[in-house]
Amino acid sequence: MKKIILLLMLAVAVMALFTVPATARGEGTEVTVSQLLEDWEEYDGREVILCGEVVGDVMARGEYAWITVNDDTYSRQALHEEGTLDGQNSGIGVWLPTGEAEKIGRLGRYGSMGDFVEVRGIFRADDEQHGGDFDIQGQSLTILEKGRSVDTSPDGWEYFALGAALLFLLVSLTPILKRRALEMQRAKALLAREED
Amino acid sequence: MLKPTRKDLRNIFHNVGGVLMLLGLCMLVPLIISVVAKEWGTVIDFAISAFVTVGVGNLLYFGLRSRGRVTWNQGLVIVALSWFLAMLFSAIPLYLSGHFASYLDACFDSMSGLATTGLALIHDLDHLAYGMNFWRHLIMFLGGQGIVILVIAYFVAGSSTATQMYTGEGRESIMPNVIESSRFIWKVSVIYLAVGTISLGLCLLFQGMAPVRSFFQSSCLFMAGFDTGGFTPQALSIIYYHSMPVELITIAFMLLGMFNFAVQYEVWNRRPRELVRNIETRTLTFTVLATMVLVIAGLCIVGAFGSFEATLRRGAYQLISGHSGTGFMTVYGTQMGMRWGEIALFGLIIAMGLGGCACSTSGAIKAFRVGVVFKWLKLKIKQALSPASAVVIERIHHVKDFTMTEGLVGAALLTTLLYIGLYLLGALVGLFYGYGFTASAFESVSAAGNVGMTTGVTHYTMPVFLKIVYIVEMWAGRLEILAVVAMFAYFFNFLRRGRR
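### Thoughts on the overall build of chain A
Okay, so step 1: What chain A contains, in helices and strands, is seven helices and eight strands.
Okay, so step 2: When burial is assessed residue by residue, chain A has 34% of its 196 residues classed as buried.
Okay, so step 3: Considering only intrachain contacts with a sequence separation of at least 6, the fraction spanning at least 24 residues in chain A is 63%.

Put into structure tokens, the structure is as follows:
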């Protein structure tokens, strides 16, 4: 019985090891894109872990694919869902095996929050394989949170503004209509004079 | 200076109204894209903006009847004012998108687009709607080809009015008739747009992008590249594509955009020798090579890249992008500011400050003026070494041969000095706000030369006054300064002397 309990405990421990984020296991350093840009010398050639939203496209090129991972404010809170404006996007290209890239279900675009992933790989500040690219040569990708759609339907005030703008456009046509009416009057007067 | 009258102002605003109506109608293109993409919020944003813009254009165009011909100074004012109002109205849909912290920021991006600069304050570009993203690039196309030129090409009846408006936009006439010239520019641009979109679209398709996304992004990239603008559909600029073929195709777009349309017209008419003989292409070849040597040498000295191949690939791309005034980037701005070293950045600043050809979509001083100034220096040296009685002349070739005159040199020197003054002014304001000298100079030249590269100064948190300074620099730089100065002088004169 003791052996069974010991085996079960060992199994739980092994399972726990795989469920704990890689950072806790001490494999690689968790970084942000800003850190990579500012302290590139420190991280160049080291194994890093980057967490963020996959945006744009998965560009498959043979056995590998390019993806872009953004770790900015918008990767956690969609701008169109009460998100805060916090500047431009902050992202980096990740070159990883196509099999890993195929795990991605949703990409971040308008009306869509992409999958929030954890990417493990080697950071290259000057990737010789890709002509001096600043990228991560990814080894694995884990989906931490699945992507979802974002509500971008117009607010009530936008319909009101649309109505007001349409009204303004119609009012602005008044000079043309007035001119047309004047021209018609003149033409009629001319015709009447000619008939006389 | 002649006293402007109410009649003059009516004439000016009548023509500006025409430009606004056209701008409003152009908003229907992204509106249709938004309908196709089912981006209903964006559809409403464009509908509001189009109604307001066409409405104001209607009021000005039909409400204020044009009486008499447009004079030279009125032409300048029409162009400068049209650009300013186009900025205000193009910014409406951008602001309504919710991706800008303030209307001023939306105006910054709108002027950046129209002036084909490429500096941006937009937030979260990677989640921007297709329609809105297309609008950002379309305003570059409208600005690069000259929205006023479009009005001339298809709406202006009188050739006198057309001539004044055409020259106000800093263009030279390709054909004897400016209306024909404008139509040629637009016809060629539309052909290039189709060919460019298809070629880059196919390339992106082979690079692993989905078909619809490929052709959408290629059309945006063509408009931004050919019009030497520099906006991109994704926040990572050209880095996003990680592709040598994409870099080569976008280089071709930039080169097409930076060459003089008059020279292209000659080539189209089977006179390719013009390319070799023309003063601008010769000057441009020299300045591109000289600044490229400077950039590559600077990168090698600091060891920015591990291999010469990477140094050449990254250095040459940034150099052509900067020299053409485009602003596409294959390196991060921060990376450039931190790792490229002073020599390479100096080379880029010089390249950005010189710009492409006259009558192209490039901004900055331009190769023609640089060539004329070089020739003038050569003439002065020749004169100094010749006997006092000798008559020394210098001939230049630009479509046809002509002798260099004092007037031509004076005009070239004046505009060159005005640009240098504009670059220094922006750099000075940057310095006052505590930015470093290289960063301030880089950003100022990038804005005034309508380039769009950044080392990180352009950010939504930068001071409001600096944003306004950069807007003015982009506006003045695009119209070769004179039109903007003339507009301010015109209105100042009108107010100073009172209404008549």
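### Details of the overall build of chain B
Okay, so step 1: Secondary structure summary: chain B contains 22 helices and two strands in total.
Okay, so step 2: Here the C-alpha atoms of chain B give a radius of gyration of 22 Å, agreeing with the 23 Å that 2.2 N^0.38 yields for 500 residues.
Okay, so step 3: Judged by the C-alpha coordinates and their principal axes, chain B covers about 65 × 60 × 50 Å.
Okay, so step 4: Considering only contacts within chain B whose residues lie at least 6 apart along the sequence, 74% involve residues at least 24 apart.

### As for unusual backbone geometry
Residue and element names in this part refer to chain B.
Okay, so step 1: Phi is positive for T228, which is not a glycine, with a value near 45°.
Okay, so step 2: Within the element layout of this structure, T228 appears in the loop between α10 (211-226) and α11 (244-258).
Okay, so step 3: On the basis of neighbour count, T228 is assigned to the buried category, with 34 C-beta atoms found within 10 Å.
Okay, so step 4: If you check the backbone angles, E480 has positive phi at about 55° while not being a glycine.
Okay, so step 5: Examined against the element boundaries, E480 turns out to sit in the loop between α21 (464-478) and α22 (482-497).

### Quick word on the interface of chain A and chain B
Okay, so step 1: Taken together, the 46 residues of chain A in the interface contact 49 residues of chain B.
Okay, so step 2: Among the elements of the structure, β2 (47-61), β3 (64-70), β4 (91-97), β7 (133-145), α6 (156-172) and α7 (174-195) of chain A are those that each provide at least two residues to the side of chain A that touches chain B.
Okay, so step 3: No other element matches α6 of chain A, which puts eight residues into the side of chain A that touches chain B.
Okay, so step 4: Counted by class, the side of chain A that touches chain B contains 21 nonpolar, 16 polar and nine charged residues.

### Considering the pairing of β7 of chain A
Residue and element names in this part refer to chain A.
Okay, so step 1: Looking at chain direction, β4 and β7 are connected through three bridges and run parallel. Across the sheet, residue G93 finds its bridge partner in β7, namely D135.
Okay, so step 2: Here strand β6 (residues 116-127) pairs with β7 via ten bridges, running antiparallel. Note that in β7 the partner of F123 across the bridge is I136.

### Topic: the packing of helix α2 (residues 28-36) of chain B against helix α6 (residues 130-145) of chain B
All names here are of chain B.
Okay, so step 1: Running from N to C, α2 and α6 cross one another at 155°; their axes reach a closest spacing of 8 Å. On the basis of the axis angle, α2 is roughly antiparallel to α6. In terms of crossing hand, the pair formed by α2 and α6 is right-handed. Along the contact surface, α2 presents V29, P30, L31, I33 and S34, while α6 presents Y130, G131, M132, F134, W135 and L138.
Okay, so step 2: Per-class residue counts for the contact of α2 with α6 are nine nonpolar, two polar and no charged.

### Points about the packing of helix α14 (residues 279-302) of chain B against helix α15 (residues 308-324) of chain B
Residue and element names in this part refer to chain B.
Okay, so step 1: Where α14 contacts α15, the axes come no closer than 9 Å and their chain directions differ by 140°. On the basis of their axis angle, the class for α14 and α15 is oblique. For the element pair α14 and α15, the recorded crossing hand is right-handed. Between α14 and α15, the residues in contact are V288, T291, M292, V295, I296, L299 and C300 and T311, L312, G315, A316, L319 and H323, respectively.
Okay, so step 2: Residues that form the contact of α14 with α15 fall into these classes: nine nonpolar, four polar and no charged.

### Some words on the environment of D45 of chain B
Okay, so step 1: Relative to the assigned elements, D45 of chain B resides in helix α3 (residues 40-63).
Okay, so step 2: Along the primary structure D45 of chain B and L96 of chain B are separated by 51 residues, whereas in three dimensions their C-alpha atoms are 5.9 Å apart.

### Things to note about the environment of R273 of chain B
Okay, so step 1: Relative to the assigned elements, R273 of chain B resides in helix α13 (residues 273-277).
Okay, so step 2: In sequence terms R273 of chain B and I296 of chain B are 23 residues apart; their C-alpha atoms lie 30 Å from each other.

### Overview of α10 of chain B
Residue and element names in this part refer to chain B.
Okay, so step 1: Helix length check: α10 (16 residues) gives 22 Å between terminal C-alpha atoms against 22 Å at 1.5 Å per residue, within 8%.
Okay, so step 2: For α10, the buried fraction is high: twelve of the 16 residues fall into the buried class.
Okay, so step 3: Directly beyond the C-terminal end of α10, a positive phi value near 45° is found at T228.

Analysis parameters
Residues numbered from 1 in each chain as written. Chains lettered and ligands numbered in written order. Predicted model: local features only at pLDDT ≥ 70, side-chain atom pairs only at ≥ 80, totals over all residues. Helix = DSSP H or I, 4+ residues; strand = E, 2+ residues; numbered from the N terminus. Buried ≥ 20, exposed ≤ 12 C-beta atoms within 10 Å, placed from the backbone. Contact = placed C-beta atoms within 7 Å. Rg over C-alpha atoms; globule rule 2.2 N^0.38 Å. Nonpolar A, V, L, I, M, F, W, Y, C, P; charged D, E, K, R; others polar. Pairing = 2+ DSSP bridges. Axes fitted to C-alpha atoms, helices over the stretch in contact; angles between N-to-C directions. Parallel < 35°, antiparallel > 145°, perpendicular 65-115°, else oblique. Left-handed = near helix turned anticlockwise from the far one by under 90°. Expected span 1.5 Å × (residues − 1).

Taken by themselves, the reported measurements are silent on function.
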